[in-house]
Amino acid sequence: MSKIAVIGSGTMGNGIAHVFAQNGSKVNLVDISSDALKKGLATISKNLDRMVAKEKIDAETKRATLDNISTHTSLTDGIQGIDVVIEAATENLEVKLDIFRNLDENCGPNTILATNTSSISITQIAAVTGRPDKVIGMHFMNPVPIMPLIEIIRGYSTSDATTDSIMKLSEKLGKTPVEVNDYPGFVANRILMPMINEAIETLFNGVAGVREIDTVMKLGMAHPMGPLELADFIGLDVCLSILNVMYDGFKNPKYAPSPLLINMVTAGKLGVKSGEGFYSYSESRKAEKVSSQFK
C-alpha cells in the first residue's frame, strides 16, 4: 500500500494511523508534541490489545501494526517520500490553512494532500496550495478502527485521478468510501448536527430531560446512542464549530447553534474530553450521572 503521513495524533489521527498500519502501510505519525505522540501510540496499542482479546487479530498482527508506525515532531521530516498526507489536526480553519501551505511547499509534486475535516471547505483549503487538483477530503468516522464509512469530499478542482486513487485506497482499508461534493457539513454532519442541535434546543426549552431525550431517540428511532450522549462523545466544542461553519456557509437560521450549546462550550463543559457535558464522566467512560442543571 501507499506510504502515508498522518498530521495530528489525537483521537482521529491515531485512529487513522492505526487502520493504515494494520493494513500494511508504512505510516509517519506527525505531531508537534512528543507527549501527544506517546499518548497516541498508547491508544493504538490499547485498541490493538482489545482486538487481540476478541480474537479479531493475533499478537503478531499487533506487533506488525505498531512496527509500521514511526513518529515525528518535525513536519518536514515526517512528510518526506510520502504518497498521501492526511491532516487530522484541530477543526480550525487557520490551523488547517497553515498546515496545507507547509505541506504544499515541502511535499513532492505528486503527493496527494487529504484532510479529515468534518465540515470545512475542501475548496478553501485547496486554494492555499499550488496543487488544488490533488487536495481532497477524507472524513473518517469515530472510532476510526470500527466505523466502516469514509466520506470522500471533492473540492471544486479535485481531479478524477485524485478521487479515484483515494476511493481505491479507502477500499483497501476495508472501508466503504462514499463520494460527496464540497458544501458545508458535507452529508454526515449536515444531517447529524441539526439533529443534535434540535435535541439541545428540546432540552433548553424544558420539553424533557437529558436521559428522557436520549431514551426516546434510542428506543423510538433505534439509534445506538442518544443525540446528547453522542454530542458529549464528539465534543461540544466540535459540534459548535461545525454548526457555525454551516450557519456561516448557508446563512440559514436553521443551522444557528442553540444558546445552551454556546453557553456550555463557553463554560468549558465539552463532554467526555472535559469530564462533563450533558452527562458527568468523572467516574467512568460511560455516563452515569446527569449534570445537576439538567436533572
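Residues numbered from 1 in each chain as written. Predicted model: local features only at pLDDT ≥ 70, side-chain atom pairs only at ≥ 80, totals over all residues. Heavy atoms only, no water.

As recorded in an unreviewed UniProt entry, the protein chain goes by 3-hydroxybutyryl-CoA dehydrogenase and comes from Ulvibacterium marinum. In its Sequence similarities (unreviewed entry) section, the UniProt entry covering the protein chain states "Belongs to the 3-hydroxyacyl-CoA dehydrogenase family." (UniProt positions renumbered as here; feature names shortened; annotations may be inferred.)

A.B. asks: Quick question: what am I supposed to make of a positive patch on the surface here?
C.D. replies: Positive charge collects at one region of the surface, where Lys46, Arg50, Lys54 and Lys56 lie side by side. Summarising the element assignment, Arg50 is placed in helix 2 (residues 34–53). Given the relative accessible area of 45%, Arg50 is considered partly exposed. (Patch = residues over 30% accessible without salt bridge, like charges linked within 9 Å, V, L, I, M, F, W, Y side chains within 5 Å. Areas by Shrake-Rupley, 256 points an atom, 1.4 Å probe, with all protein chains shown as cover. Salt bridge = Lys/Arg side-chain N within 4 Å of Asp/Glu carboxyl O. Lys, Arg positive; Asp, Glu negative; His and termini not counted. Charge placed at Lys NZ, Arg CZ, Asp CG, Glu CD. Helix = DSSP H or I, 4+ residues; strand = E, 2+ residues; numbered from the N terminus. Buried < 20%, exposed > 50% of the residue type's maximum accessible area, 1.4 Å probe, protein only.)

A.B. asks: Honestly, the pattern of salt bridges in this entry has me stumped. Any pointers?
C.D. replies: A side chain of one charge can pair with a side chain of the opposite charge when the charged atoms of the two come close. Within this structure, the stated rule accounts for twelve salt bridges. Asp49 serves as the salt-bridge partner of Lys62, at 2.6 Å between the closest nitrogen and oxygen. Of the two residues, Lys62 is situated in helix 3 (residues 59–67) and Asp49 in helix 2; the sequence distance between them amounts to 13 residues. With a relative accessible area of 18%, Lys62 lands in the buried category. One salt-bridge network, held together by shared partners, links Glu60, Arg63 and Asp67.

A.B. asks: What am I meant to see in the nonpolar core here?
C.D. replies: Across soluble globular proteins, nonpolar side chains show a tendency to be buried alongside one another. Phe20, Ile86, Met138 and Phe140 are the most contacted members of the largest nonpolar core, which totals 31 residues. Counting residues per element, this core draws most heavily on helix 1 (residues 11–22), which supplies six residues. Judged by nonpolar contacts, the second largest core, of 25 residues, contains Ile196, Leu240, Leu243 and Val265. (Core = buried A, V, L, I, M, F, W, Y, C linked by side-chain atoms within 4.5 Å.)

A.B. asks: Explain helix 10 (residues 227–234) to me, please; I cannot follow it from the model alone.
C.D. replies: Along an α-helix, a turn takes 3.6 residues, which lines up residues three or four apart on a common side. Of all the eight residues making up helix 10, six are buried; the element is thus mostly covered by neighbouring parts of the structure. When helix 10 is considered as a whole, its buried residues turn out to be Pro227, Leu228, Glu229, Leu230, Ala231 and Asp232. The inward-facing, buried residues of helix 10 contact helix 8 (188–204), helix 9 (210–221), helix 11 (236–250) and strand 9 (279–280). Positioned one or two residues after helix 10, Gly235 has a phi angle of 110 degrees, which is positive. (Contact = heavy atoms within 4.5 Å.)

A.B. asks: How should the packing of helix 9 against helix 10 be read in this particular structure?
C.D. replies: Between two packed helices, both the angle of their axes relative to each other and the distance between the axes serve to describe the pair. The contact between helix 9 and helix 10 brings their axes to 7 Å, and the two run at 105 degrees. Here helix 10 runs roughly perpendicular to helix 9, going by the angle between their axes. Here Val210, Ile213, Asp214, Met217 and Lys218 of helix 9 lie close against helix 10, whose contacting residues are Pro227, Leu228 and Glu229. (Axes fitted to C-alpha atoms, helices over the stretch in contact; angles between N-to-C directions. Parallel < 35°, antiparallel > 145°, perpendicular 65-115°, else oblique.)

A.B. asks: Which parts of the structure should I look at to understand the UniProt feature "domain: 3-hydroxyacyl-CoA dehydrogenase NAD binding" (unreviewed entry) in the protein chain?
C.D. replies: UniProt's entry tags residues 3–182 with the feature "domain: 3-hydroxyacyl-CoA dehydrogenase NAD binding" (unreviewed entry), counted in the numbering of this structure. The straight-line gap between the two end C-alpha atoms of residues 3–182 is 26 Å; of that span, 43% is helix and 21% is strand.

A.B. asks: Looking at this model, I keep getting lost on the domain arrangement of the protein chain. Mind explaining?
C.D. replies: Often, the extent of an interface is quoted as the loss of accessible area on bringing the components together. When the domains of the protein chain are assigned, the result is domain 1 (3–181) and domain 2 (187–290). The gap between the C-alpha centroids of domain 1 and domain 2 is 26 Å. Taken together, the ten residues of domain 1 in the interface contact seven residues of domain 2. For the pair domain 1 and domain 2, the summed buried surface comes to about 640 Å²; carbon and sulfur atoms form 60% of the total. Across the contact surface, domain 1 and domain 2 share three residue pairs in polar contact (both at pLDDT 80 or more). (Domains from an automatic or database assignment. Buried area = accessible area lost by both parts, 1.4 Å probe. Polar contact = N/O pair within 3.5 Å; in protein donor to acceptor, adjacent residues only side chain to side chain.)

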